[in-house]
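Spelled out, the chains give:
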Amino acid sequence: MAPAVKRRAADATAASLPASSPSTERVQAADLDVMHQGRTKVDTPQHEHQGAHPRKQQASPLERLVLRSTAHVRANPDAWLTGALVLLGLWTRLYRIRWPPECVFDEVHFASFAHHYLNRTYFFDIHPPLAKLTLAAVAKLAGDVPNRDWYVDKVYPPDSRYYAMRACAGVFGALLPPLGFRIARGMGMSRIAATSVGVFLLFDMLNLIEARHILTDSQLIFYAALCIDAFVRLWRTPPASRARRWAAVRAGLASGAALSVKWTTLVVPGLFGLESVAGAALAAEPLEWSTCAIVAATALLLYVALWYPHFRILIYNGPGGDFMSAEFQRTLIGRDGYDPQARKPPFLKLVWQLNKEMLLANARILDEHQWQARWHTWPYVGRGLLYWNRWQEGTLDADGRPLRPHHAMQIYLIGNPLLFWMCLAAVLGTVAAMPFLLRLIRQRKKRGTNTDAWERYLRLATFLLLGYALGILPYMPIQRSTFIYHYLPSLLFAELLFAHAVLDLPALPSVLQLPLAGIVWIVVFWCFWYFRAWVYGHIALTADDHEAMRWIKYTSSVGDNKGWH
């Protein structure tokens, strides 16, 4: 094996070892030696170098602080990187969170759902309740008053606490980059590759914009990522141990939470459940059937249990009553035919009935939408989605000044184009390279050369490719409107794949890894900064400015998915 390959293989092996492993201890010992040398150089009395009658110099408080900080960073680099990603996530998600002070796209639905919970009026939605219950709980804690019909008046009144629900979505979004870093490290990626995953999740506008509004997709992708992390940690526990049983419970809770936001996340626990049973790629061996049963039972129990507060809270008649049975409708206070003596159907029967109706309602959604985007346009950002705009003269901009003539502000849901194109290239390049990688491994084995690094590289790449494909596959045959935000689960796998396939390539010399990653980080951040006016909606631009930002041009009638509009 070439020296560069050996160094990369050793790095990958060290990344997967526990903190107390010999490799880690050697690294920490070396770091302590460096710190000791630094302290010795600072604290050495000058008389040892300058002759008689010296005046002893002590390190200044600033120098001691720098030394201690450096020691902490060197001893716990992953913890410091995680903290930095959290802070940057909060900054990007919560910046100007009150703007704009009116409903942005589907906020009209989810703000209404949260207020239905506060008013206790029964409503119907095609998605499970966890994310909506979370938004409602935050609105309640913030003292929000549900006194508006958002479908009629989409401007938030001065006494509204709408920004609390936006901040809730923002916190979930802020936790995603450090969680992506943790997942990558758990999969055995190098620290530089894992940091790249965090940077991607920080500055991808698709995740960012979804996490800045009263929407549920930031919770969706957070729980999906939490599910991935829980399974990766589960596979590393000792068989038949107490640690494995608790890890199985955590994996089940994460899976149940993901499914309780939207059914579209089924692909994540499904894929990782299959890997747990088969042990074909990432899991060292198949899990015991008892462990798999713990995961499945925990996920199912959580999913069912989360319907209990839904039915417990919603006791008054509301717009969703018509979707339920006549037996249930008689129990809704204020509804025609209400019977105070009527007993609600059994809880499990209600859960079954409502989930069946959700499935049927999903199937009935056949209308096209002017901003819909078919699945094949997602990977190259072929079609975005206009969330909000303001262009009327006399209205105010984000700083409270009158909007200048011929200027407009808008929030446009779009992925980070350069990042998307790099991820797509990584997906296609990995597929194309697979036959050559298999041939390389076979030839190395014939020569008696170690192939562990290449085999691990290929297994993880294959697994991530499968996750990417399964995220898109369910959308291929359906006729209902789909949008670019449906790409979020697949995008997570694509970002992990790019970091692994490109930055952890065994043939890449170690000396080039950080410079290459640095170039990628700069490109991704630059693209985010270029499109920041569409992310935050706070900068008024002319029509020519907006047109210059449309890199893929809109070419025909509305709804034909030909480009950015």
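Residues numbered from 1 in each chain as written. Predicted model: local features only at pLDDT ≥ 70, side-chain atom pairs only at ≥ 80, totals over all residues. Heavy atoms only, no water.

Trainee: So what about the sheet that holds strand S3 (residues 541–542)? Which residues, and what values?
Mentor: The three strands are arranged S1-S2-S3 in an open sheet whose pairing can be described as antiparallel. Edge strands, defined here as strands with exactly one partner in the open sheet, are strand S1 (385–390) and S3. With five bridges connecting them, S1 and strand S2 (residues 407–413) associate as antiparallel partners. When the bridges of S2 are listed, Leu-386 appears paired with Tyr-412. (Pairing = 2+ DSSP bridges. Helix = DSSP H or I, 4+ residues; strand = E, 2+ residues; numbered from the N terminus.)

Trainee: Residues and numbers for the packing of aromatic side chains, please.
Mentor: On inspection of all chains with the given rule, the structure shows 45 aromatic pairs. Seen from their ring centres, Tyr-162 and Tyr-163 are 5.6 Å apart, and the 75° between their planes marks the pair as edge-to-face. Through pairs of rings, three or more aromatic residues link up here, namely Trp-371, Tyr-412, Trp-421, Trp-526, Tyr-530, Phe-531, Trp-534 and Trp-551. Lying across the ring of Tyr-163, Arg-98 places its NZ or CZ 3.9 Å from the centre. (Phe/Tyr/Trp six-rings, centres within 6.5 Å; stacked < 30°, edge-to-face > 60°. Lys NZ or Arg CZ within 6 Å of the ring centre and 35° of its normal.)

Trainee: Let's hear about unusual backbone geometry: which residues, and what values?
Mentor: Of note, the amide linkage connecting Trp-99 to Pro-100 takes the cis form, showing an omega dihedral of -5°. Structurally, Pro-100 can be placed in the loop between helix H5 (77–94) and helix H6 (107–119). The phi dihedral of Ala-240 falls on the positive side, at around 55°, and the residue is not glycine. Position of Ala-240 relative to the elements: it lies in the loop between helix H11 (217–235) and helix H12 (242–259).

Trainee: Any details on the nonpolar core? Residues and values, ideally.
Mentor: Met-187, Met-189, Ile-228, Phe-272, Phe-311 and Tyr-387 are the most contacted members of the largest nonpolar core, which totals 154 residues. Considering each element in turn, this core owes the most residues, 13 residues, to H11. Apart from residues lying up to four places away in sequence, Phe-272 is in contact with Met-187, Ile-228, Phe-231, Val-232, Trp-235, Phe-463 and Phe-493. (Core = buried A, V, L, I, M, F, W, Y, C linked by side-chain atoms within 4.5 Å. Buried < 20%, exposed > 50% of the residue type's maximum accessible area, 1.4 Å probe, protein only. Contact = heavy atoms within 4.5 Å.)

Trainee: Can you tell me about the pairing of S2, naming the residues and giving the values?
Mentor: Each regular strand carries side chains that alternate between the two faces of the sheet. With seven of seven residues buried, S2 is to be regarded as a mostly interior element. Covered by surrounding structure in S2 are His-407, Met-409, Ile-411 and Leu-413 together with Ala-408, Gln-410 and Tyr-412, the residues of both alternating faces. Of the pairings in the sheet, the one linking S2 to S3 comprises two bridges and is antiparallel in character. Opposite Ala-408, over in S3, you have Leu-541 as the bridge partner.

Trainee: Before we move on, could you go through the environment of Leu-386 and cite the residues and values that matter?
Mentor: Assignment of secondary structure puts Leu-386 in strand S1. Those residues in contact with Leu-386 that sit more than four places away from it in its chain are Phe-105, Trp-371, Gln-410, Ile-411 and Tyr-412.

Trainee: Describe the confidence of the model for the chain, with residues and values.
Mentor: For the chain, per-residue confidence averages 87 on the pLDDT scale, and 87% of positions sit at 70 or higher. Confidence, expressed as mean pLDDT per element, reaches its minimum in the chain at helix H2 (residues 22–43) with 38 and its maximum at helix H9 (residues 191–203) with 98. In this model residues 1–56 is a low-confidence stretch, pLDDT under 50, and it forms 48 contacts with partners more than four residues away in sequence or in other chains. Residue range residues 555–562 is modelled with pLDDT below 50. Its contacts to residues more than four positions away, or to other chains, number 18 contacts. (pLDDT = per-residue confidence, 0-100.)

Trainee: Describe the pattern of salt bridges, listing the residues and the values that go with them.
Mentor: The tally for this structure, following the rule as stated, stands at 18 salt bridges. A salt bridge links Arg-182 to Asp-229, with the shortest nitrogen-to-oxygen separation between them at 2.8 Å. Here Arg-182 is found in helix H8 (residues 162–186), whereas its partner Asp-229 is found in helix H11, with 47 residues between them in sequence. Judged by its relative accessible area of 5%, Asp-229 falls in the buried class. (Salt bridge = Lys/Arg side-chain N within 4 Å of Asp/Glu carboxyl O.)

Trainee: How would you summarise helix H7 (residues 130–141) if you had to cite specific residues and measurements?
Mentor: Helical periodicity: at 3.6 residues per turn, an α-helix aligns residues three or four positions apart in one direction. For H7, which comprises twelve residues, the first-to-last C-alpha distance of 17 Å matches the rise-based estimate of 16 Å (1.5 Å per residue) to within 8%. Along H7, the residues classified as buried are Leu-130, Ala-131, Lys-132, Leu-133, Thr-134, Leu-135, Ala-136 and Ala-139. Residues of H7 that are buried make contact with H6, H8, H11, H12 and helix H15 (307–313). (Expected span 1.5 Å × (residues − 1).)

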